[in-house]
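Residue strings, one per chain:
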Amino acid sequence: MKGMIAGVGELDALLRLLDDETPEVRAGVEERIGELGGDVSELLPCLERPLSEREMRVLLCLLKVGRRKVLKEEWQMPVYGVGALEEDWEMFESQMRMLSDFLHDGVTLRQPLSDALDLLADEFSEMFPDAYNEEDLRRYLFEEGRMKGNREGYHDTRNGDLAWSIAEGVSNPIGLGIIFMLVARRLGLVVEGICYPGHFLCRIYEDGRPFVVDCFDEGRVYDEEVLAGPEHSMNSEQRMKLRSKADLGMILMRVMNNLVNAFRRAGEDEDAELLTEIREAMMERRF
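Residues numbered from 1 in each chain as written. Predicted model: local features only at pLDDT ≥ 70, side-chain atom pairs only at ≥ 80, totals over all residues. Heavy atoms only, no water.

**Some remarks on the sheet that holds strand β6 (residues 220–223)**
This is how it is decided: Strands pair, by our definition, only if DSSP identifies at least two bridges between them. Note on conventions: DSSP H or I runs of at least 4 residues are helices, E runs of at least 2 residues are strands, and numbering of each starts at the N terminus. Lines fitted to C-alpha atoms define the axes, with helix axes restricted to the stretch in contact, and inter-axis angles between N-to-C directions lie between 0 and 180 degrees.
Taken in spatial order, the four strands make up an open sheet running β3-β4-β5-β6, and their pairing is antiparallel. The outermost strands of the open sheet, each flanked by one partner alone, are β3 (192–194) and β6. When strand polarity is set aside, the average angle formed by the axes of neighbouring strands in this sheet is 35°. In terms of strand pairing, strand β5 (residues 209–214) meets β6 through four bridges, oriented antiparallel.

Structure representation (structure tokens):
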């Protein structure tokens, strides 16, 4: 508690100095706030006064600088690049958690990603105390509306912040799919990802038969054999992608591509460049 009070006191003092026009003071304030790791969400509620609009605006900008620094310095990847990620679920979730922290605004209280996934799995298992399967989880998450496609904010960068997505109940196709996969893994279930061209889908099995799930379309289910059949106008690449299982490295690269495009669309070039740099580093084979 003593450390928390000291932290609040320092933050309040720094915020009060934001209006100081002295270059040395402003530089010192910006540097110190930048060292806070980009997140003061646990400190802000303890302040004895509300922040002005200007203070909040400046604080958000300075916190973003700190989150960029953390992401760049602490990002982890396999020694041999993204291709070696394969089925390393622990590292994959760690990377999704780092992206979630980076995309967070740094001032809103919310659960860390892993805690949010744990709670979602617990909520589901409480509804099925005896037995459950992948189909039950699909219905719970998507058909019953716990998670929905973010149609109004399809290109919103926050779709990549899975902690935000779980709290708000919305995301884009790949965000919903990853949540499906990570919750399923906590429950001992098997959900695979499908990097279909222009869309992200998932695969579940029932008595060994594969079924395709479109998480973005309220979890709609398709018989994979029928969907890939001659009556559907798929080209050879689409059919191959539909039948293939995306490894975690492929999924992570798709997430990064989506975020780079979303940041560029939003005119946030510095964030787009940072993620581009990380993405390109992951593609390099390291010896």
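**Points about the side chain of Asn150**
What counts is decided by this rule: Think of a polar contact as two N or O atoms within 3.5 Å of one another; within protein, one of them needs to be a possible hydrogen donor and the other a possible acceptor, and neighboring residues in sequence only count if both atoms come from side chains. When checking whether two residues touch, look at their non-hydrogen atoms; a contact exists if any pair is within 4.5 Å.
For Asn150, the position within the fold is in the loop between β1 (148–149) and α7 (162–168). A polar atom in the side chain of Asn150 sits 3.0 Å from the side chain of Asn159. Excluding anything up to four places from it in sequence, Asn150 contacts Asp156, Asn159, Trp164, Val170, Ser171 and Phe216.

**What about helix α6 (residues 134–143)?**
Quick reminder of the rule: Only protein chains enter the calculation, and the probe is 1.4 Å; a residue is then buried if its accessible area is under 20% of its type maximum, exposed if over 50%, and partly exposed in between.
Burial analysis of α6 places seven of its ten residues in the buried class, which makes it a mostly covered element. For α6, the complete set of buried residues consists of Glu134, Asp136, Leu137, Arg138, Tyr140, Leu141 and Phe142. Elements in contact with the buried residues of α6: α5 (113–127), α8 (173–186), β4 (201–206), β5 and β6. Backbone nitrogen of Glu135 and a side-chain oxygen of the N-cap are separated by 3.1 Å at the start of α6; the cap is Asn133. Just downstream of α6 lies Gly145, where phi reads positive at about 85°.

**With respect to unusual backbone geometry**
Positive phi values are uncommon outside glycine, yet Asp207 reaches one of about 55°. Structurally, Asp207 can be placed in the loop between β4 and β5. In this model, Glu218 sits at a positive phi of 55°, which is unusual for a non-glycine residue. Note that Glu218 resides in the loop between β5 and β6. Take Glu218: its relative accessible area is 61%, and that puts it in the exposed class.

**Overview of the environment of Val255**
Note on placement: Val255 falls in helix α11 (residues 248–265). Spatially, the C-alpha atom of Val255 lies 9.9 Å from that of Arg279, the residues being 24 residues apart in sequence. Look past the residues within four positions of Val255 in its chain and what remains in contact with it is Met96, Leu99, Ile174 and Ile178.

**Focus: the pattern of salt bridges**
The condition is simple: The salt bridge criterion pairs a side-chain nitrogen of Lys or Arg with a carboxyl oxygen of Asp or Glu, the two atoms within 4 Å.
Inspection of the entire model under this criterion finds 26 salt bridges. Its salt-bridge partner being Glu143, residue Arg138 comes within 3.0 Å of it at the nearest N-O pair. Among the salt bridges present, the one from Arg209 reaches Asp223, with a minimum N-O distance of 2.7 Å. Taken together, the residues Arg209 in strand β5 and Asp223 in strand β6 connect sequence positions 14 residues apart.

That's the geometry; what it means functionally is another story.
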